[in-house]
Amino acid sequence: MAAARASVLLAAAALLKDTGPRAADAFQCHPAASRGKVPGAPVRLHSTTEDGAGASLRGAIANLASILDEPAAPASRAEQSSIVHIIGTGLCPTLLNLPLSTLLILSEADVVLYDSLGLSYEDIRRVVPPHCEVIGVGKRGDRKSWKQGDIDELLLQMATEPIASNNQQQSSAQTMKSTKTIVRLKGGDPFLFGRTKTEIEALRSRDIPYTYTPGISSCIAGPHLGGIPLTDPSLDCQSFAVWSGTDAFGRSRGLNDDDNCAGGGKEWQGLGVDVLVFLMIGRLDKLDALCRTIAEGGSVEDERRKWSKDTPCAVIQNAGGRTETVDGSTLPVQRVWRSTLGNIVNAIQEEDDTRTSVSPAVFVVGATAALDLLSQDYT
């Protein structure tokens, strides 16, 4: 049994690691696009081809799950109605980073709605069945994006509509299936700074069953992948706090002192925490304003004063990002800039003074931001 497990595990790992080039999948516009609800490029849907690697990968996942006694999915009501799986994929994952339970659900999915900063379309298409609809519904700051209400509506539509007939793609078992497995993939953790509440409320309004799988949030994984621990006893950093750099209405911390705006009236000096973490703070004008607000807040004589223009800070861009090929060379996407509150924006713009954004980014303030525990340069 041990040998069988090892053999299946190695086979599955080899297939998951295979990230070679693939032919572009055909795609078409989702009907929502024709109603003006989808800005920008068309949304990819059905794959028109099925290669042997995809079938082999799904078979390996099923075999491994069977050997490990992994349940296919929580299915108390799945036989009576369609089910939605809300799944966090962590930070910029690959298939090899995902739990087996997530891979198994994806391998049986009929519909996948995915965000911009989670698993890529190409990786999703490698593991889902050929009939599966794969629809991008990501939201990115400072770009045209899906509105949350439209995502909620699409989720309900996918969960209540019958499976589309496609005789060339569907097996006989799939054709007879009356319910759908819908996967809502979100980067990081769906419950942290996400809009999962409205999606769940929409599902509850129609009595549609759902499950939740957590992921590691970028507020923790981002700094750590940049070599920055959020706590360290030797630096007297025993606590940290996390904020969004932008509120639900797109207003930015530091850009407006009005108490009705996000961050307005915040007394950063008296928070009583050792490290600050900010998400959604990639625009450099927002970052500069936030740095000044943190460093200049409070009275100079205040004994609680913790932050100044000399406080270490760091920006991690595309934390944990994949690699990209430029002129034949493979370069890491992730970038880390370390400096101080008074100089971090200048440090970023030193190499490119036209740069206005480092989105997506995580911003860390505190003594640990000066560390780089992942550096291999020990000199």
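Our subject is the structure that appears above.
The rules we used
- Residues numbered from 1 in each chain as written.
- Predicted model: local features only at pLDDT ≥ 70, side-chain atom pairs only at ≥ 80, totals over all residues.
- Heavy atoms only, no water.
- Helix = DSSP H or I, 4+ residues; strand = E, 2+ residues; numbered from the N terminus.
- Contact = heavy atoms within 4.5 Å.
- Pairing = 2+ DSSP bridges.
- Axes fitted to C-alpha atoms, helices over the stretch in contact; angles between N-to-C directions.

Attention shifts here to the side chain of Q317. When you line up the elements, Q317 lands in strand β8 (residues 312-317). In this structure, Q317 is in contact with V333, Q334, R335, W337, R355, V358, S359, P360 and A361, ignoring residues within four places of it in sequence.

All right, on to the sheet that holds strand β4 (residues 181-186) then. Taking strand neighbours across the sheet as the criterion, the 5 strands line up as β3-β2-β4-β1-β5 in an open arrangement whose pairing is parallel. Edge positions in the open sheet fall to β3 (133-136) and β5 (210-213), since each of these has one partner strand only. With strand direction ignored, the average angle separating the axes of adjacent strands in the sheet is 15°. Bridge analysis of strand β1 (residues 83-88) against β4 gives 6 bridges, and the strand direction is parallel. Note that in β4 the partner of I86 across the bridge is R184. Sheet contacts for helix α4 (residues 100-107): β1, β2 (111-114), β4 and β5; angle to β4, the most-contacted strand, approximately 130°. Seen against the sheet, helix α8 (residues 196-205) touches β1, β4 and β5 and runs at an angle of roughly 170° to β1.

With that settled, the discussion passes to the sheet that holds strand β11 (residues 335-340). Sheet strands associate in pairs through backbone hydrogen bonding, adopting either a parallel or an antiparallel arrangement. What the 5 strands build is an open sheet, ordered β6-β7-β12-β8-β11; its pairing is mixed. Across the chains shown, the open sheet's two edge strands, defined by having one partner strand only, are β6 (240-244) and β11. With direction set aside, neighbouring strand axes in the sheet form an average angle of 15°. Sheet analysis places β6 next to strand β7 (residues 275-279), joined by 5 bridges and oriented parallel. Bridge pairing links W243 to F278 in β7. Running over the sheet, helix α9 (residues 218-225) touches β6, β7, β8 and β12 (361-365) and is turned about 80° from β12. Along the sheet, helix α10 (residues 284-296) contacts β7, β8 and β12; its crossing angle with β12, the most-contacted strand, is approximately 15°.

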